[in-house]
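Chain and residue survey
The lines below spell out each chain.
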Amino acid sequence: MFFDICKTRNRTNFTDPAIIFSFSRPDRRYNIYGLNNNRVKLISSDDLNGDYQKNPWYAGFPAGILSRSFNEMHYRYSGTGDGLMILELFIISLFLFVLGTIIPLACVSQDLRVLRTASHLFTISGSLVMGLLSLFLLITGSVLTWDAYQPLPAFALSFTIDRLAAFFLLLIAIVSGCVALYAAEYIEHLDGGSRRNLLAACTNLFILSMVLVVASSNTFSFLFFWELMAGCSFLLVMYDYSRPETRKAGIFYFVMTQLSTLFVLLGIVLLYTQTGSFAMAPAGISFFTTLAFIALLLGFSIKAGIIPFHKWLPYAHPASPTPISALMSGVMLKIAVYGLIRFLLDVFSPELWWGILILLLGTVSAVLGIIYALKEYDIKAMLAYSSIENTGIIFTGIGLYVIFSSYHMPELATISLLAALFHSLNHAMFKSLLFLTSGSVVHATHTRDIEHMGGLVHRMPSTAALFFVGALAIAALPPLNGFASEVLIFISFFSSIAVADPLFKVLLFLCLGLFALTSALSAACFVKAFGSVFLALPRSKESSEAEEVPFLMLLGPAILASACILLGLFAAQLFLVTGFFVPIPDMFLVGLLLLAMVVLTYAVLYFTASRDVRVTDTWGCGNPSQQPAMEYSGHGFSEPIDIIFSTVYRTKMKNERKFFDQKNCIFAEGTAEIRLIKVFEEYLYLPVARASYLAAEGVSRIQSGCLDTYLLYVFCAVIAIIVYLGWLA
Amino acid sequence: MNLSFGLYLVLNTLAVLLIAPLFVSIIKKVKAWTQGRRGPSVFQTYFNLAKLLRKETVFSSHSSWIMRITPLVSIAAVLVAALFVPLVFVPEPVGGIGNIILLLYLLALAKFFMALAGLDAGSSFGGMGSSREMSISAIIEPTTIIVFAALVFVFKSLNIFDMFAASAAAGAPSTPTLILLAISLFIILVVETSRIPVDNPETHLELTMIHEGMILEQSGPNLALMELSAAVKLTLLMALLINLIVPFGLSTTLAAGAIVIALVLFVVKGTVLAGVIGLFESSMAKMRFFRLPSLFAMAFFFSTLIIIIEVFA
């Protein structure tokens, strides 16, 4: 491959609103028609304009090649030889995922370890290829187009990968590669025999469907692969179907994901009635478009876990196997975010109240998500609620983007959108890291209850260190990546002083205060999580006998942990490389300063202070031995916050006493009950479910089972059609 | 990164390390005077730190590497945070040093490690301290961010260096809202440095210690580092308040004379502020823990009021 990359990189000109949208607009197209013509020629706009007469092979190409003048990178084709085969790379990675699906299914009843390992190897290699491809597309700003299959004239399965899609593909690739590394070892410790082959196959299909959702270029293929993704994830959640809680979680998740697909379908149909095509092209402003936006927002919010549609998350994540929880929480929620961003950027012309709606939804989810997380004692449910919080933060960034772009402030709009996207990437990294390491802990201690863990930092030191990196990242502490994205959101909030409307400024400052609250509460939550799980003394027999997990189960999380650290330290540099100018502080310098201070302090102490060390018992007011029961439990740790936010938790306390005598002096017996009301379930979900059940019962009365009634229905329908057609004519 | 910035790094760190124990002693002295005592000498904190460095370190058998590295990380985070708040000389900002949000989160980093170290040894005192500290810092966070947002609003910059340069150029508070902001900053200082009415820094009774509870298991040089980091945090928050409200004497050039004058003036201003803090602490009792949210809600509404005044003015 001989090519000459000529990097004439213009700094993106922020005064032009159209340039903001160039993030997703193609500036280079490689048009391939069918799989026969599989040579990709890199064409630059200069070649098109100047060399058209000189190079006859251009004559065969259609005139659909765009040449935009505000692109950032020019490719100049020079020398002989093949062009760069990026379409081949994409097809190879898809094929690797397909192989990973087929191989365990081919011998599905044989419980052979080699089948599953081969399947996961294909996942890892597919992710590697996809990751390299998306990195290339992201940095160079090129676009890949592939019209794969057209069953009918109106419906086509075609794919376009521009920078936005490439970003999300990179996210999928990194997480699925590391999860597959982990799952290759973890799956051998699950029970289920040959059912594990299905798990491995379905995981590959799940990742494949997510990739194709992101790569879709029209709403038809988007919906097709969205439904495939939903179906696969349902099968994956129901892996352990013998337990009743898993069945309940699976059915709940299935209903919610079908509801989300229903709303997305409704939105796409409304867009079709407005524009007449399935393309992701600007749809104009009208009543139907607004309705379509509401429907799509609902659909994506349900999938992303925005409050009040979040209830399926804390059931589905603990019930599914660990690698699947990591994939769902790290990647699948981001696919919903991608859908929202794609439709907002390419299809809709957002108005101000849309932005306010998204901002409010995001803020409410962020605050309530972390407040509910603090009450959880199941570690995976806690991580699930924390995912809800982070999705709220991403929606806050998207809401700010819409608000600033409707106020015609393109710089701030770009910073907010970049913050939301960067936070999606960071959350995928540290959340999957946390899920994988907590899965290792659950595997070692055979319980998900943090009150029965403890002291694991001595028995599982590597897992503890990796979980610690994840906890530091999610608590948004410098210089890791969680802080880098949150500081961008803070900067866009602080810069909102430039917005003209004063009442609106007050709203934004209130949202800022709530955002700061969620950030601090998440630090508290993860001090509690790390402290209860790893520190102090073991609080159950299994914890005191826990063993460190095998090396393969540490390698995946280790890669994710290094990604967290590197993304944080080099955040400012990363933005510069991709061509965006954001006012983020240089975290590398801060990291260097921190390291310098540590080294200096250690050096000073080495020479001036005493170096004697003695190991003895913890001070327990003179108690000779320290018991595990003396330490602060997880519940006790979050108790002050429980009491302060008691109106949010709505705990009901009931106290009944029975006495022997009239004056209520001699106590006979009593009951005391503390009940945590599940607010959303009792006041939102169950009433809706009951109403739909009643409606279904009412409708089912027409199904009487009697053939004569059905014949009557057919007769009436035929008469009605004849009359109607008669009126028309 | 040029020479003046490098000099600033060294100068600011040395200044804050030398001055911090003095301010802690002055507060203790003022509190002792109000109680009718003579109190310890103003140099007592220095003697305490020197004594602690000579003692051996005792670790609990249940503690892990968290306990070993927390004092180092805590002092490093607080010292890097101190680089963000110029005491005597304001240089040009380099690479985001001086970003006000980064300052807040560096202090949060120190707090995170301290809270984990409290849980590490498995004692009830540490657990209680950690739990209460994380709850308090969560509830005061909205107020702190709103106050910082108001500062950004007034000074039109996210960087503390620019804020100090603007305030030094103006010479006196440029708008009346800065006085109101000073009151909010004072409340934040009391909360972040665990002073009465939020926490008693001189108690070791189980149910009344928050910050002290988390460092109860530390000993020897590690305890010296924790005490020093608390003192440096107090000094840098005092410097934030002083240099925004009464900035006269703050120098923007690297002249030796100007810096010496700025240092002496800062010590004088800091002594006055430390006296005010001591009197404030002596004038009230520590509040019951669950009455603190009401106090913080009042502070939050006060700060939001300042924002509304700024926005509509």
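Residues numbered from 1 in each chain as written. Chains lettered and ligands numbered in written order. Predicted model: local features only at pLDDT ≥ 70, side-chain atom pairs only at ≥ 80, totals over all residues. Heavy atoms only, no water.

On to the overall build of chain B. What chain B contains, in helices and strands, is eleven helices and one strand. Scanning chain B from its N terminus toward the C terminus, one meets helices and strands in the order α-α-β-α-α-α-α-α-α-α-α-α. A burial count over chain B gives 64% of its 313 residues as buried. Roughly 10800 Å² of accessible area belongs to chain B as shown, and the carbon and sulfur atoms make up 70% of that amount. Taken together, the 18 basic and 15 acidic charged side chains of chain B have centroids lying 8 Å from each other. (Helix = DSSP H or I, 4+ residues; strand = E, 2+ residues; numbered from the N terminus. Buried < 20%, exposed > 50% of the residue type's maximum accessible area, 1.4 Å probe, protein only. Areas by Shrake-Rupley, 256 points an atom, 1.4 Å probe, with all protein chains shown as cover. Lys, Arg positive; Asp, Glu negative; His and termini not counted. Charge placed at Lys NZ, Arg CZ, Asp CG, Glu CD.)

What follows deals with the overall build of chain A. Of regular secondary structure, chain A possesses 27 helices and eight strands. Scored against the burial criterion, the 729 residues of chain A give a buried share of 57%. Counting only contacts in chain A whose residues sit at least 6 apart along the sequence, the fraction spanning at least 24 positions is 79%. Accessible area of chain A: about 29900 Å², with a carbon and sulfur share of 67%. (Contact = heavy atoms within 4.5 Å.)

Assignment of secondary structure puts Phe 59 of chain B in strand 1 (residues 57-60). Between the alpha carbons of Phe 59 of chain B and Ala 121 of chain B there is a distance of 8.5 Å; along the sequence they are 62 residues apart. Dropping the residues within four chain positions of it, Phe 59 of chain B is found in contact with Val 613, Arg 614, Val 615 and Thr 616 of chain A together with Met 67, Arg 68 and Asn 222 of chain B.

With that settled, the discussion passes to the pairing of strand 5 (residues 157-161) of chain A. Residues and elements named next belong to chain A. Burial analysis of strand 5 places five of its five residues in the buried class, which makes it a mostly covered element. Of the strand pairs in this sheet, strand 4 (residues 143-149) and strand 5 are connected by five bridges, and their pairing is antiparallel. Bridge pairing links Trp 146 to Phe 159 in strand 5. (Pairing = 2+ DSSP bridges.)

Residues and elements named next belong to chain A. Within this structure, the stated rule accounts for zero disulfides over all chains. Cys 232 supplies the cysteine sulfur nearest to Cys 202, a cysteine that is in no disulfide, at a spacing of 4.6 Å. Just so you know, Cys 716 is unpaired, no disulfide at all, and the nearest cysteine sulfur is the one on Cys 706, 14 Å from it. For Cys 716, a relative accessible area of 44% puts it in the partly exposed group. (Disulfide = S-S within 2.5 Å.)

Turning next to helix 6 (residues 195-215) of chain A. Taking 1.5 Å of rise per residue, 21 residues should cover 30 Å, and helix 6 of chain A covers 30 Å from first to last C-alpha, within 8% of that figure. Counted residue by residue, helix 6 of chain A has 18 buried out of 21 residues, so it is predominantly covered. (Expected span 1.5 Å × (residues − 1).)

We now examine the side chain of Asn 222 of chain B. Residue position: Asn 222 of chain B is located in helix 9 (residues 220-245). In this structure Asn 222 of chain B touches Thr 57, Phe 59, Met 67 and Pro 71 of chain B, once residues within four positions along its chain are discounted.

Residues and elements named next belong to chain A. As enumerated under the stated definition, the model contains 22 salt bridges over all chains in all. Linking Arg 243 and Glu 245 is a salt bridge whose minimum nitrogen-to-oxygen distance equals 3.8 Å. Since its relative accessible area comes to 42%, Glu 245 is described here as partly exposed. Residue Asp 346 is joined to Arg 342 by a salt bridge in which the shortest nitrogen-to-oxygen separation is 3.0 Å. Taken together, the positions of Asp 346 and Arg 342, both in helix 11 (residues 322-347) and four residues apart, correspond to about one turn of that helix. Like Arg 342, Asp 346 is buried. Ionic contacts of the salt-bridge type, sharing partners, join the residues Asp 240, Arg 243, Glu 245, Asp 378 and Arg 448 into one network. (Salt bridge = Lys/Arg side-chain N within 4 Å of Asp/Glu carboxyl O.)

A word on the interface of chain A and chain B. Across the boundary between the two partners, chain A contributes 72 residues, which contact 78 residues of chain B. Both sides together, the interface formed by chain A and chain B hides about 6500 Å², and carbon and sulfur atoms give 80% of it. Considering only the side of chain A, the residues that lose the most area to chain B are Phe 494, Met 597 and Tyr 632 of chain A, jointly responsible for 10% of the buried surface there. Counting every contact that joins chain A to chain B gives one salt bridge. A salt bridge links Glu 56 of chain B to Arg 614 of chain A, with the nearest nitrogen and oxygen atoms 2.8 Å apart. On the surface where chain A and chain B come into contact, there are 14 residue pairs in polar contact (both at pLDDT 80 or more). Elements represented by at least two residues in the side of chain A that touches chain B include exactly helix 15 (456-459), helix 16 (461-474), helix 17 (481-494), helix 18 (502-534), helix 22 (587-608), strand 6 (613-616), helix 23 (634-637) and helix 24 (639-644) of chain A. Element by element, the count of residues in the side of chain A that touches chain B is highest for helix 18 of chain A, at 18 residues. Two strands pair when backbone bridges link them, and strand 6 of chain A and strand 1 of chain B are joined in this way by four bridges, in the parallel orientation. Following the sheet pairing, Val 613 of chain A is matched in strand 1 of chain B by Thr 57 of chain B. (Buried area = accessible area lost by both parts, 1.4 Å probe. Polar contact = N/O pair within 3.5 Å; in protein donor to acceptor, adjacent residues only side chain to side chain.)

What follows covers the environment of Ser 496 of chain A. All names here are of chain A. Inspection of the secondary structure assignment puts Ser 496 in the loop between helix 17 and helix 18. Taking the C-alpha atoms as reference points, Ser 496 and Leu 477, separated by 19 residues in sequence, lie 24 Å from one another. Not counting residues within four places of it along the chain, the set of residues in contact with Ser 496 comprises Phe 404, Lys 505 and Leu 508.

Attention now moves to the side chain of Lys 233 of chain B. Looking at the secondary structure, you find Lys 233 of chain B in helix 9. Residues within four places of Lys 233 of chain B in sequence aside, it is in contact with Val 78, Leu 107, Lys 111, Glu 192 and Thr 193 of chain B.

Residue and element names in this part refer to chain A. At a closest axis distance of 11 Å, the pairing of helix 13 (residues 379-406) and helix 17 adopts a crossing angle of 35°. Handedness of the crossing formed by helix 13 with helix 17: left-handed. Each of Ile 393, Thr 396, Leu 400 and Phe 404 in helix 13 lies in contact with helix 17, whose residues at this interface are Glu 486, Ile 489, Ser 492 and Phe 493. Split into classes, the residues belonging to the contact of helix 13 with helix 17 amount to five nonpolar, two polar and one charged. (Axes fitted to C-alpha atoms, helices over the stretch in contact; angles between N-to-C directions. Left-handed = near helix turned anticlockwise from the far one by under 90°. Nonpolar A, V, L, I, M, F, W, Y, C, P; charged D, E, K, R; others polar.)

Further remarks concern the nonpolar core. In a soluble, globular protein the nonpolar side chains are often hidden away together inside. Residue and element names in this part refer to chain A. In this structure, Phe 90 and Phe 494 are the most contacted members of the largest nonpolar core, which totals 343 residues. Among the elements that make up this core, the one with the highest residue count is helix 14 (residues 410-445) (20 residues). In this view, Phe 90 contacts Met 130, Leu 133, Leu 144, Trp 146, Ile 161, Val 211, Leu 212 and Ala 215; residues no more than four positions away in its chain are not counted. (Core = buried A, V, L, I, M, F, W, Y, C linked by side-chain atoms within 4.5 Å.)

Turning our eyes to something else, we now look at a nonpolar patch on the surface. Side chains of Leu 712, Phe 715, Ile 719, Ile 721, Val 723, Tyr 724, Leu 725, Trp 727 and Leu 728 of chain A sit close together on the surface and give an oily, nonpolar patch of about 1000 Å² of accessible area. Along the chain, Leu 725 of chain A falls in helix 27 (residues 707-728). (Patch = residues over 30% accessible without salt bridge, like charges linked within 9 Å, V, L, I, M, F, W, Y side chains within 5 Å.)

Residue and element names in this part refer to chain A. As enumerated under the stated definition, the model contains 57 aromatic pairs over all chains in all. A centroid spacing of 5.5 Å and a plane angle of 25° characterise the contact between Tyr 182 and Tyr 186, whose relative ring orientation is stacked. Here Tyr 182 and its partner Tyr 186 are both found in helix 5 (residues 163-186), four residues apart, which amounts to about one turn of the helix. The same class applies to Tyr 182 and to Tyr 186, which are both buried. An aromatic cluster is present here, built from Phe 222, Trp 226, Phe 293, Phe 300, Phe 343, Phe 348, Trp 353 and Trp 354 joined pairwise through their rings. In this structure, Arg 195 packs its charged tip against the face of Tyr 239, placed 4.6 Å from the ring centre. (Phe/Tyr/Trp six-rings, centres within 6.5 Å; stacked < 30°, edge-to-face > 60°. Lys NZ or Arg CZ within 6 Å of the ring centre and 35° of its normal.)

On to unusual backbone geometry. Among all residues save glycine, negative phi is the norm, and among peptide bonds the norm is trans. Residue and element names in this part refer to chain A. Looking along the chain, the bond that leaves Pro 478 and enters Pro 479 is cis, with omega of -5°. For Pro 479, the position within the fold is in the loop between helix 16 and helix 17. At His 446, a position not held by glycine, the phi torsion is positive, near 55°. Relative to the helices and strands, His 446 resides in the loop between helix 14 and helix 15. Judged by its relative accessible area of 64%, His 446 falls in the exposed class.

Okay, the confidence of the model for chain A next. Residue and element names in this part refer to chain A. Per-residue confidence for chain A averages 85 on the pLDDT scale, and 88% of its residues sit at or above 70. The lowest-confidence element of chain A is strand 1 (residues 4-6), averaging 29 in pLDDT; the highest-confidence one is helix 16, averaging 96. Every residue in residues 1-83 is under pLDDT 50, and counting partners more than four places away or in other chains gives 139 contacts. (pLDDT = per-residue confidence, 0-100.)

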